[in-house]
Amino acid sequence: MSLKVLVVNSGSSSIKFELYQMPEEKVEARGLLQRIGEPGSELKCRIGNEELVVARSVPDHAVGLKLIMDTLTDSANGGLKDISEIGAVGHRVVHGGSAFSETVLIDDEVLKAIEERSALAPLHNPPNLLGIEVARQLLPNVPQVAVFDTAFHQTMPDYAYAYAIPWELNEQDHIRRYGFHGTSHRYVAARAARLLGRLPSETNLITCHLGNGCSITAIRRGASVDTSMGLTPLEGLVMGTRSGDIDPALFTHLARTKGLGVKEIDTLLNKKSGLLGLSGLSNDVRTLLAASKEGHGGAVRALAIYAYRIKKYIGAYTAALGTVHALVFTAGVGENSPAIRERSLDQMAPLGYRLDKAKNEQAVRREMDIAEASSPIRILVIPTNEELLIAQDTYRLAAKA
Ligand code: AMP
């Protein structure tokens, strides 16, 4: 069955989209609408081979999604003849809590459940919901599908997802590790199994998603068994502006000694920490790599702490899994930075990670095995493609519907 699938990622002030022709997996259009509700809103997109920029006032998500649909169906742009050509819509939803362990067709009950989980992701779920509501109004007779960032990690055992706090907080208040970037970890895990020539159900992996946000996942027999992000996407690795792991007593210490309030500490840990806070220079690994070559002390320090944290987690998850068939690097930094990959695997040969330095240098934004031929564990670079996975899931459920 041939179908056009629109993939929508609706954020607080932006909407990212891709239009796929399925099952061929051909991208017919993609774009990003930024600064919704702010001055200077702008839609940048590519339809076929045409690049275009539409600068227009976009006060809210309803106007934004309508602008995207109008641009896609404007005959001058050579896109769709009519909005009715869109056969299904796939939505990225950040938090599904424990309610969703897989991709689902959206109905009123699903919408209600996503809304109920908004307290767990107050910055993300409300704009995700808004995108779904507007898309349902514009395309009322088309199957709409929700793909959750948290769903892939629902297979974690309780000893991996539970925090050692009173159990009632887990049971009654749903306070536990959920994990994020699930769509990316699931995508690269499936690709890795294929590259290794193994069945996913017989493959153990450690997948490192290193972008602006960073997380690392232990996968046993195709299922997530531990992941570094927690109740929120703040826990775990050092990120662009997020601290990752800290002593939780830091919160009360900062409140007591510096008189900081909840909001200020939240901003400090989410927006002013990580690579940016450590370097005092930038959250961008490219900038920091260049600055560290020039001897910038902050950049040298930030990258050392960043790589050391990745290495520590790889070691921990190697222990958690016992047998590891491959380690996977993905996302902006993981796909593009031989330097960070090399530093994250420094002195890891005794654990089975033997990097081929020449291959590592060649692997930029392409699938490649960068381990030495004799390495007991394969080391793979795999560009992620969350949109494609959303399109595949959406196509599968829409075809059934
Ligand atoms: P993402 O969130 O996956 O788009 O990743 C964004 C991050 O990837 C940026 O903050 C950059 O630090 C990093 N990045 C992109 N290209 C490179 C590169 N060539 N070398 C090192 N880091 C890169």
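This structure is a prediction, so every number in the text was calculated from the model and none was measured.

Just give me the short version of the packing of aromatic side chains, but keep the residues and values in it.
In this structure the tally under the stated criterion is 2 aromatic pairs. The interplanar angle of 10 degrees and the centroid separation of 4.3 Å between the aromatic rings of Phe100 and Phe148 together place this pair among those described as stacked. You can see Phe100 sitting in the loop between β6 (86-93) and β7 (104-105) and its partner Phe148 sitting in strand β8 (residues 144-148), a full 48 residues away along the chain. Across the pair, Phe148 and Phe100 agree in class, each one buried. Between the aromatic rings of Tyr313 and Tyr317, the centroid separation amounts to 5.7 Å while the plane-to-plane angle is 75 degrees, which identifies the pairing as edge-to-face. With a gap of 4 residues between them, Tyr313 and Tyr317 both fall in helix α11 (residues 297-321), about one helical turn apart. The ring of Tyr161 has Arg176 sitting right over it, with the charged end atom 3.7 Å from the ring centre.

Residue-level account of the sheet that holds strand β12 (residues 326-330), with values.
Adjacent strands of a sheet pair through backbone hydrogen bonds, lying either parallel or antiparallel. What the 6 strands build is an open sheet, ordered β11-β10-β9-β12-β14-β13; its pairing is mixed. Edge positions in the open sheet fall to β11 (223-227) and β13 (368-369), since each of these has one partner strand only. By the bridge criterion, 6 bridges tie strand β9 (residues 205-210) to strand β10 (residues 214-220) in an arrangement that is antiparallel. Counted as the bridge partner of Leu205 is Ile219 from β10. Contacts between α11 and the sheet are confined to β9, β10, β11 and β12, with β10 contributing the most and set at about 15 degrees to the helix.

Calculation notes
- Residues numbered from 1 in each chain as written.
- Predicted model: local features only at pLDDT ≥ 70, side-chain atom pairs only at ≥ 80, totals over all residues.
- Heavy atoms only, no water.
- Phe/Tyr/Trp six-rings, centres within 6.5 Å; stacked < 30°, edge-to-face > 60°.
- Helix = DSSP H or I, 4+ residues; strand = E, 2+ residues; numbered from the N terminus.
- Buried < 20%, exposed > 50% of the residue type's maximum accessible area, 1.4 Å probe, protein only.
- Lys NZ or Arg CZ within 6 Å of the ring centre and 35° of its normal.
- Pairing = 2+ DSSP bridges.
- Contact = heavy atoms within 4.5 Å.
- Axes fitted to C-alpha atoms, helices over the stretch in contact; angles between N-to-C directions.

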